[in-house]
4 protein chains.
Amino acid sequence: MNTIGTDIRITLWGSSHGSHIGCVLEGIGGGLDLDMERITAEMSLRRPTSGIGTARREDDEVLIVSGVTEGVSNGDPISIMIANKDTSSKDYEQFRHRPRPGHADFTAVIRNPHHDIRGGGMFSGRMTAPLVAAGTVCRLALEEEGVDVGGFTRSIGDVVDTQERGAKDCWNSRGFATRACASDIDAGMFETILEASSQGDSLGGVVECHVENLPIGVGEPWFDSLDGELAKSMFSIPAMRAFEIGDGVLSSKARGSEMNDPFTISGNEVFTKTNHHGGILGGRSSGMPLVFRCFFKPTPSISMDQSTVDLESMEDVSLRIEGRHDPCIVPRAVAVVEAMTSHCILDMMSRGGFIGN
Amino acid sequence: MNTIGTDIRITLWGSSHGSHIGCVLEGIGGGLDLDMERITAEMSLRRPTSGIGTARREDDEVLIVSGVTEGVSNGDPISIMIANKDTSSKDYEQFRHRPRPGHADFTAVIRNPHHDIRGGGMFSGRMTAPLVAAGTVCRLALEEEGVDVGGFTRSIGDVVDTQERGAKDCWNSRGFATRACASDIDAGMFETILEASSQGDSLGGVVECHVENLPIGVGEPWFDSLDGELAKSMFSIPAMRAFEIGDGVLSSKARGSEMNDPFTISGNEVFTKTNHHGGILGGRSSGMPLVFRCFFKPTPSISMDQSTVDLESMEDVSLRIEGRHDPCIVPRAVAVVEAMTSHCILDMMSRGGFIGN
Amino acid sequence: MNTIGTDIRITLWGSSHGSHIGCVLEGIGGGLDLDMERITAEMSLRRPTSGIGTARREDDEVLIVSGVTEGVSNGDPISIMIANKDTSSKDYEQFRHRPRPGHADFTAVIRNPHHDIRGGGMFSGRMTAPLVAAGTVCRLALEEEGVDVGGFTRSIGDVVDTQERGAKDCWNSRGFATRACASDIDAGMFETILEASSQGDSLGGVVECHVENLPIGVGEPWFDSLDGELAKSMFSIPAMRAFEIGDGVLSSKARGSEMNDPFTISGNEVFTKTNHHGGILGGRSSGMPLVFRCFFKPTPSISMDQSTVDLESMEDVSLRIEGRHDPCIVPRAVAVVEAMTSHCILDMMSRGGFIGN
Amino acid sequence: MNTIGTDIRITLWGSSHGSHIGCVLEGIGGGLDLDMERITAEMSLRRPTSGIGTARREDDEVLIVSGVTEGVSNGDPISIMIANKDTSSKDYEQFRHRPRPGHADFTAVIRNPHHDIRGGGMFSGRMTAPLVAAGTVCRLALEEEGVDVGGFTRSIGDVVDTQERGAKDCWNSRGFATRACASDIDAGMFETILEASSQGDSLGGVVECHVENLPIGVGEPWFDSLDGELAKSMFSIPAMRAFEIGDGVLSSKARGSEMNDPFTISGNEVFTKTNHHGGILGGRSSGMPLVFRCFFKPTPSISMDQSTVDLESMEDVSLRIEGRHDPCIVPRAVAVVEAMTSHCILDMMSRGGFIGN
């Protein structure tokens, strides 16, 4: 099934080179102003930037064909469609028997011989476009509740932003091509992508995401914890390879006395003095900012010669991938992380009764 | 809901200091030999080791009260029970209004004032005992399919095992108190836990898990990918803070030419020459060994003075936690990681039609 | 959520007077020939017949915008769309505060003030159009397995077909406007609808459905029994008010010695000599033809003066419903029953492992 | 899976002759007084009555082993257990190859050769005991909301109660062995059961159920309608063969002008003047009493000679069923209908946001 969420549910459909891609978003109550300008703005943050993005040009116009009456949600499922306009399907058929290293071709074709191989079919990053549209609707609903979601690029290759960052930085990152928080870091990241790209290579990186003003207690016990649901959601984004809450990786090398965040009272509210726990205790929001990181591998599509196999002749062969690809997916992935986070948080708030039906 | 899995489903119930804990395991077909000796052996790997584990002593005898006829599964739900025998509930009531730093007390009580606070209630690591029992049943079913699951301790504090490890090492780790793969590393890990413990402190660490002989293509598209489901499953284990597939963290700093694992043919089968991808491509098993890491934070229960708040008087207070606790949960967590992995893999194989109903 | 099914899933969206209606059908494997002529033929059986159906004219052209490559399913979700072309939304706004008796207006508006009231919104029978399209795809998959689904009109008002009927009769009913099995019954049913219609009134009736060549054992234990899932599925059809398996109503007045169907052997296969049980024993298919009946109430839209209330002034008022309506929904409902049955059976066969993934 | 419900969930386990049967009830919030006397009282209504019930004697003591602190729910899953004490498993093994007519033996064994055949295994009516316990907990929660659930025996064989009945009658029926509403009807029903029983035969009948004081709007759109969910729930009860909402069967023969229930205002509230619709419009509660009927077939276990087949020799054989059985299940089924209804209503109210999390 191609569905995520329990109370707020996204069902995804389409493929990279089909006529349309889209999704059905269920569970949004009546009365939400569906601000199309905002949706367009978020979609544009997912679009490739000249120089460091793919040459495929899609306008990504979002059509909402149900669930809306005069610009306001009516409580029915919201059906979202986006046309694929700039497709070029030649050369893909070979990948059915000559799988690209690091791609889904191999596992997709072995599992399903009828797999639509054009542009990677349903495994394409193209499918994240309707996710950003649907996630933005969720984000609008969260903003009505006062909850803010924001992401930025923490690192690309070995260019790492070492500063502590917050919601404002996330917002600022919208002004930079790489979604870095500051112009010097943006310049460094842009440069390193260009360099890798000029060598026919690609780069990975890290997206960090913050959620502020969450009520205390969001998250279900045990198996549907907030961290577990967020992790599952983030792993649905292509090329995601690791997920960390708060100081997760670091904490494995640390002592309890260093990592336990002491509670304190300020202005009649309970806080923790530090936030090593990244806003989640016992699988539920603690009221502190939610902070997590998504580690992306380098785009597997590179324009160098690579070794692969021919599944028909069962021989080792050399492969050179033509076509239009992003040398680094991270700058575009920030918008996807934000969208999927918005969906996950809204779903978990709804499940916990923090938002009325 | 306290349920995980789609085709193979675990429903967990109980609390740390209730009379019993248990779970219902659904979806196991008829005809599986439920080897109680094996279940006992796996349970013992989750039990605390003298010197570096809690002083609470539970025999963890597993009662299977349905789903079995003469030692063989009959296809009905398998109801599993374990008695709590060594409980001591005094002193816990204070945590209802003086939450322990790093614990679930705060978020549990704010969400549900009726929360059973004794021993942490349902948020206790004690609840992993029935998960190991149920997971071992799943593991027996996997072994019938030729699939091997194994874990070991990759690091504790700054004692890190830097060797490449495989299924055999995982098996060997069963002979060491810390679940390290070799005696010298075990000694070092044991030592560092003792040292932290003697200072009233605690340590985190990393569990690595391997799954071998998976068929190609296990994992559903997009939202129910094998990596996403594994991550969600692992985050249900208390104190888990980060999850990495293959060289996930490292790959974020690397280039595509370094991380793409080239396909090759050997003995008429397709392999990848390297396994940076950790056995998952496009959210599905590639046929290479599955390799992933779980990063655990230090046990939050430490015996030093800590700062917290009193939720009744709304004042900052000092807290000292008495009671019996593990200075490092990692050695015991290996068995839990293996059990939850076994459940997840069996569920995903069943969902994908790799195992008959 | 607007979703039905577990392994084969339909997610419905749209409303009576929106631009489009549609659904996403998930779980159909690759390689199924999506015969558009057949889909068109089934859609036409749901369209109103001149004289006894609504005057609203929709061509119901089915657009499949994903999940198909060159006419064959590719395993991806199948996104289905149908345009609404002949809508007339005037006069509906009044029903928001003057609910039509027997309609969903009252419960819809009380629950959700943002309810799209035009044409009944999402509660309209119009929404069954994409269900017939999706159900027909399921039917094509069932036919590949040798399973036949067929329905017919058992009664309209007091015109009752008293003959025993089988798959062939169901097929023959496709030639008659009322979906009766024989021309004399068709004539009688047509006549009685005309008569009620001429008086501004409406009629109810009964649809009977048969499924032949089901393997033995389809149906999950207890809560997801074949009868339970069929009942739930049928109750999703507007105006359905009772559901009966085999001789269900009659059996409540009978003795065990009359109702127990004895097993017997014929041609090395096991049958029951009679089929009072309607093909389901213990919630699972017995191998005998599945026979069930759906009781529909008269269309609530009648053109007589009716009493209702004004929810704003809180006064009793008189209401006269203008617009285009079916005086009896039953002839058109047969196609919907067949479609929903096809979906349910395919889903249950898939869940039981009777159809490969 | 052996699970029913979405927000309030029951997972059933056990078998007729295993050591215990039980279920896990999830979703009950903290703070509900779990009145054990009431649970015992409801359990006793499901127990067989001397003369017209099975000779199997079970005390049905309900053990609640989790989810309760000092008699009050704590929000954790409620694990319920009941011991099987009066089992006699001899003679059942033959049914594995000589299936009893009208029973689940045939479909159970064909689907799963490892099926536990003793006492019918998991298909036994015995399994309804934990359902009554769990359903009574749901009923206690409903009563806190002011919602009343009540059932009674509408007919047994050809003894039919033709009076209109309400909540008070349902309550009165608890005083009669057959769950009839009045002593003369009870006497007639008792008599007819005795007569059938004395002839080695069995009888079917009809249970009617009422739910009063439901808020308006309970029920999800389309596939998860209140009628659909109730139907599915009722079909999980063994021997259920037809389900009717309001005047469902009758309405199929009627005209719209007869069946449309006009709205009216009384005391500033909206009612319908009649209740042919049985309290459900558009799949949602209308605020009128919910009224539905469950048609049960005669118990298939009769003590006459019956024809069946031998699945090993593939011959027709004669079978005589020994053992202890109810000649009519209907009087005991009333408690089960009430329990399952209570669960369904509480689940649907919770899903619709009518009850706080």
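See above for the structure.
Residues numbered from 1 in each chain as written. Chains lettered and ligands numbered in written order. Predicted model: local features only at pLDDT ≥ 70, side-chain atom pairs only at ≥ 80, totals over all residues. Heavy atoms only, no water.

Asks: Summarise the interface of chain A and chain B; cite the residues concerned and give the values.
Replies: Of the residues lining the interface, 105 residues belong to chain A; the matching set on chain B comes to 105 residues. The junction of chain A with chain B conceals about 8,100 Å² of combined surface from both sides, 59% of it contributed by carbon and sulfur atoms. Here A:Glu220 ties to B:Arg111 by a salt bridge, and the two come within 3.1 Å at their closest N and O atoms. Among the elements that take part in the side of chain A that touches chain B, strand 12 (residues 240-245) of chain A stands out by supplying 6 residues, more than any other. A class-by-class count of the residues in the side of chain A that touches chain B yields 49 nonpolar, 35 polar and 21 charged. Here 3 bridges tie strand 12 of chain A to strand 12 (residues 240-245) of chain B, and the two strands are oriented antiparallel to one another. Residue pairing in the sheet places A:Phe243 in a bridge with B:Phe243 of strand 12 of chain B. (Contact = heavy atoms within 4.5 Å. Buried area = accessible area lost by both parts, 1.4 Å probe. Salt bridge = Lys/Arg side-chain N within 4 Å of Asp/Glu carboxyl O. Helix = DSSP H or I, 4+ residues; strand = E, 2+ residues; numbered from the N terminus. Nonpolar A, V, L, I, M, F, W, Y, C, P; charged D, E, K, R; others polar. Pairing = 2+ DSSP bridges.)

Asks: Go over helix 5 (residues 183-198) of chain A with me, naming the residues and quoting the values.
Replies: Residues and elements named next belong to chain A. With 16 residues, helix 5 ought to run about 22 Å at 1.5 Å a step, and its terminal C-alpha atoms sit 22 Å apart, in line with that. By the burial criterion, the buried members of helix 5 are Ile-185, Asp-186, Met-189, Thr-192, Ile-193 and Ala-196. Each buried residue of helix 5 sits inside an arc of 135 degrees when the element is viewed along its axis, so together they form one side. Across from the buried face of helix 5, at angles greater than 90 degrees, the exposed residues are Asp-184, Glu-191 and Ser-198. Positive phi shows up at Gly-200, right after helix 5, with a value of about 75 degrees. (Expected span 1.5 Å × (residues − 1). Buried < 20%, exposed > 50% of the residue type's maximum accessible area, 1.4 Å probe, protein only. Arc of directions from axis to C-beta.)

Asks: Pulling in residues and values, what's your account of the packing of aromatic side chains?
Replies: All names here are of chain C. Tallied over the full model, the rule gives 20 aromatic pairs over all chains. Between Tyr-92 and Phe-95, the aromatic rings sit 5.7 Å apart at their centres with planes inclined by 80 degrees, giving edge-to-face as the arrangement. Of the residues examined, Tyr-92 reaches a relative accessible area of 13% and is grouped as buried. Ring geometry for Trp-222 against Phe-223: centres 6.0 Å apart, planes inclined by 50 degrees, an arrangement best described as tilted. Here the two residues Trp-222 and Phe-223 agree in accessibility, since each one is buried. (Phe/Tyr/Trp six-rings, centres within 6.5 Å; stacked < 30°, edge-to-face > 60°.)

Asks: Break down the relation of the copies chain A and chain B for me, citing the residues and quoting the values.
Replies: Aligned on chain B, chain A shows an RMSD of 0.0 Å; the corresponding rotation is 180 degrees and the shift along the axis is 0.0 Å. The two molecules are tied by a two-fold rotation axis, judged by turn and shift. (Least-squares fit on C-alpha atoms with pLDDT ≥ 70 in both.)

Asks: Lay out the pattern of salt bridges in plain terms, naming residues and giving numbers.
Replies: The final tally for this structure, using the stated rule, is 120 salt bridges over all chains. For A:Arg118, the salt bridge identified is with A:Asp116, shortest N-O distance 2.8 Å. Look at A:Arg118 and you get partly exposed, because its relative accessible area is 24%. Across the salt bridge formed by D:Asp60 and D:Arg126, the nearest N and O atoms sit 2.8 Å from each other. Of the two residues, D:Asp60 sits in the loop between helix 1 (36-46) and strand 5 (63-64) while D:Arg126 sits in the loop between helix 2 (105-111) and helix 3 (128-144), which places them 66 residues apart along the sequence.

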